[in-house]
Amino acid sequence: MNTGELLLILLALLLVQVGGFALFGLWRRRRLLGGGAGQAGAVAPGAVLPRTTAADTAAVGWPGFREFEVRRKVYESADRSICSFYLSPLDGAPLPRFRPGQFLTFRLDLAAEDGSGTESVVRCYSLSDAPGRDDYRVSIKRVAAPPKRPDLPPGRASSYFHDQVEVGDRLAVRAPSGQFFLQQEDALPVVLIAGGIGITPLLSMLGALLEQGTKRDIRLFYGVRNGAEAAMGEALRKCARAHDRFHFHLCFSAPTEADRSDPYFYHAGRVAPPLLRNSLPLRRHRFYLCGPPSMMESLISGLEAWGVEAGDVFYESFGPASPRRKAPPAPAESATPPPLVTFNVSGKSIPWDPAAGSLLEFAEANGIEAASSCRAGSCGCCQTALSQGAVAYHHEPDAEPDPGHCLLCISTPRGAVTLEV
Ligand SMILES: Cc1cc2nc3c(=O)[nH]c(=O)nc-3n(C[C@H](O)[C@H](O)[C@H](O)COP(=O)(O)OP(=O)(O)OC[C@H]3O[C@@H](n4cnc5c(N)ncnc54)[C@H](O)[C@@H]3O)c2cc1C
Ligand code: FES
């Protein structure tokens, strides 16, 4: 073989190698995207997507509580059970942008339950409008006493908002926060699934997507009992008429005759895994879920069973407990034993399991009742006395814990700890 032939063979081998790499890249790309058309910026299954960091929070927020004035109060459902409040800051300074899906934390001074003056009550409400407005909007559902306990008082904060907060009133508000938000840099089709008032963060996501002129397909499955309970139904129908890429599916568990003739009426019953399997094209989607814990648990496990990657499913529940995924397999035995977490009031000492994620989830997994609301370090509800040891935070808490206390929802133990819960 002469030098020319050898060079030709080497060149051919090089071409085969380059071609092989290119084909492998293409195949891998199609596999990740479920065989769909090219999607720039898609994220590999199971990849850890960016979360809000302390730096993000600092960039968009303000420290502590800021005074806002109620500018408008608007009922959003035919049964007047949902009311929006439009809020502007009293200092007149511009509002920081938030991420669609995040929430505000309110500190309300309410009449004390025992009749002795007032007491502070902290509650979180999702921002229900797209970012970039001159004001913030939250949409609040009036919470009644549980059906089986009509003797109990109705929800304190929601009743206060509905019955007493009027235009011109002032409210103390913490900066937008929360880990449940739309991945805007993403390109996959979006499936939004709302149960009841869980529609609020999804309205913000939908608004943001439509305003940015997205090329992504968006499907909204909105589960409520009937049309009278649906929030902003007319606005959603208008969006669906105006945007081809937005598919609006109303799912009524108890539809009236009139509901059945609604052009967007899609399903009589709850939003459940079989409905999604029968409705969605076979390709990769990004799922955003917000609703009551029972609905979320069935959807999260249903999507998992269907083969949807955990990294493609984002969810938030309005508390108190958050739906749990199946625990990942236990890591191989490590040489150092896990630190002991002692729950002093409950009288339990249990070796820490890193798969739990946070001390709050660890407590819940072990049958220990701990108060919580936002589960994001914003409301302070899960504050617990730490009588021994130290904790590490996932990110800097928005709600500064009192000395000697920690926030369970965003912390993990640094060695053995004793908690007063
Ligand atoms: C991140 C996040 C975002 C949220 N976004 C929204 C939103 O956009 N819109 C919205 O409407 N809500 C939202 N919520 C829920 C909201 O924060 C409140 O939890 C909700 O408004 C109920 O608060 P409340 O004070 O009215 O009710 P609570 O006073 O907390 O009462 C809750 C229930 O307990 C019952 N109750 C009263 N006393 C007792 C007793 N002794 N024993 C047992 N039960 C009792 C009440 O009758 C009521 O049914 C969100 C929550 C979170 C965590
Ligand atoms: S639950 Fe809100 S700070 Fe932990």
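Look a little higher up for the structure.
Residues numbered from 1 in each chain as written. Chains lettered and ligands numbered in written order. Predicted model: local features only at pLDDT ≥ 70, side-chain atom pairs only at ≥ 80, totals over all residues. Heavy atoms only, no water.

> Mind showing me how you'd approach the overall build of the protein chain here?
A tally of helices and strands in the protein chain yields nine helices and 17 strands. When burial is assessed residue by residue, the protein chain has 46% of its 421 residues classed as buried. Counting contacts in the protein chain only where the partners sit at least 6 residues apart, residues at least 24 apart contribute 65% of the total. (Helix = DSSP H or I, 4+ residues; strand = E, 2+ residues; numbered from the N terminus. Buried < 20%, exposed > 50% of the residue type's maximum accessible area, 1.4 Å probe, protein only. Contact = heavy atoms within 4.5 Å.)

> Is there a simple way to think about the sheet that holds strand E9 (residues 246-252) in this case?
What holds strands together in a sheet is hydrogen bonding between their backbones, with the strands either parallel or antiparallel. Taken together, the six strands give an open sheet; going across it, the order is E10-E9-E8-E7-E11-E12, and neighbouring strands pair in parallel fashion. Unpaired on one side and paired on the other, strand E10 (265-268) and strand E12 (313-316) mark the two borders of the sheet. Averaged over all adjacent pairs, the angle separating strand axes in this sheet is 15°, with direction ignored. Relative to E9, strand E8 (residues 218-224) is paired through seven bridges, and the arrangement is parallel. The residue of E9 that forms the bridge with arginine 219 is histidine 247. Lying over the sheet, helix H5 (residues 233-242) contacts E8 and E9, oriented at roughly 145° with respect to E9. The strands touched by helix H8 (residues 293-306) within the sheet are strand E7 (190-195), strand E11 (286-290) and E12, with E11 carrying the most contacts at an inclination of about 160°. (Pairing = 2+ DSSP bridges. Axes fitted to C-alpha atoms, helices over the stretch in contact; angles between N-to-C directions.)

> When you look at the pairing of strand E13 (residues 340-343) in this model, what are you seeing that I'm missing?
Along any regular strand the residues' side chains alternate between the sheet's two faces. Relative to strand E14 (residues 348-351), E13 is paired through four bridges, and the arrangement is antiparallel. Bridge assignment links phenylalanine 343 to a residue of E14, and that residue is lysine 348. Note: E13 against strand E17 (residues 411-419), three bridges, orientation parallel. Residue phenylalanine 343 lies in a different strand from E17, and its bridge partner there is leucine 419.

> Can you help me understand helix H3 (residues 156-164) in this one?
Note that an α-helix has 3.6 residues per turn; residues three or four places apart therefore point the same way. Taken as a whole, H3 has its buried residues at Ala157, Ser158, Ser159, Phe161 and His162. On its buried face, H3 is in contact with strand E1 (65-75), strand E2 (82-89), strand E3 (103-111), strand E4 (118-126), strand E5 (136-141) and strand E6 (170-177).

> What am I meant to see in the side chain of arginine 216 here?
When you line up the elements, arginine 216 lands in the loop between helix H4 (199-211) and E8. Residue arginine 216 is classed as buried on the basis of its relative accessible area, which comes to 5%. Among the polar contacts listed, one links the side chain of arginine 216 to the backbone oxygen of leucine 188, at a separation of 2.5 Å. Residues within four places of arginine 216 in sequence aside, it is in contact with Gln183, Gln184, Asp186, Ala187, Leu188, Pro189, Val190, Leu209, Arg245 and Arg286. (Polar contact = N/O pair within 3.5 Å; in protein donor to acceptor, adjacent residues only side chain to side chain.)

> It is not clear to me how the sheet that holds E13 should be interpreted in this structure. Could you clarify?
Pairing is mixed in the open sheet, where five strands are placed in the order E14-E13-E17-E15-E16. Among the strands making up the open sheet, the edge pair consists of E14 and strand E16 (405-407). Each strand of the sheet is rotated relative to its neighbour by a mean of 40°, with strand direction disregarded. In this sheet, E16 lies alongside strand E15 (residues 383-393) in antiparallel orientation, the contact comprising three bridges. Counterpart to threonine 384 in the pairing with E16 is cysteine 406.

> How should I be thinking about the environment of arginine 71 in this particular structure?
Examined against the element boundaries, arginine 71 turns out to sit in strand E1. For the pair formed by arginine 71 and tyrosine 86, sequence separation is 15 residues and the distance between their alpha carbons is 5.4 Å. Beyond its immediate stretch of four places on either side in the chain, arginine 71 contacts Tyr86, Ser88 and Val167. Polar side-chain contacts of arginine 71 include one of 3.4 Å to the side chain of serine 88.

> I tried to follow the pattern of salt bridges on my own but got confused; where do I start?
Any two side chains of opposite charge can pair, so long as their charged atoms come close to each other. Here the structure, examined in full by the defined rule, presents 19 salt bridges. Two residues, lysine 73 and glutamate 166, come together in a salt bridge whose shortest N-O distance is 3.4 Å. Of the two residues, lysine 73 sits in strand E1 while glutamate 166 sits in the loop between H3 and E6, which places them 93 residues apart along the sequence. Between arginine 286 and aspartate 312 there is a salt bridge; the shortest N-O distance is 2.6 Å. Placement of arginine 286 in strand E11 and of aspartate 312 in the loop between H8 and E12 is noted, with a sequence separation of 26 residues between them. Judged on exposure class, the residue arginine 286 and its partner aspartate 312 are both buried. Among the charged side chains, a salt-bridge network with shared partners connects Asp186, Arg216, Arg284, Arg286 and Asp312. (Salt bridge = Lys/Arg side-chain N within 4 Å of Asp/Glu carboxyl O.)

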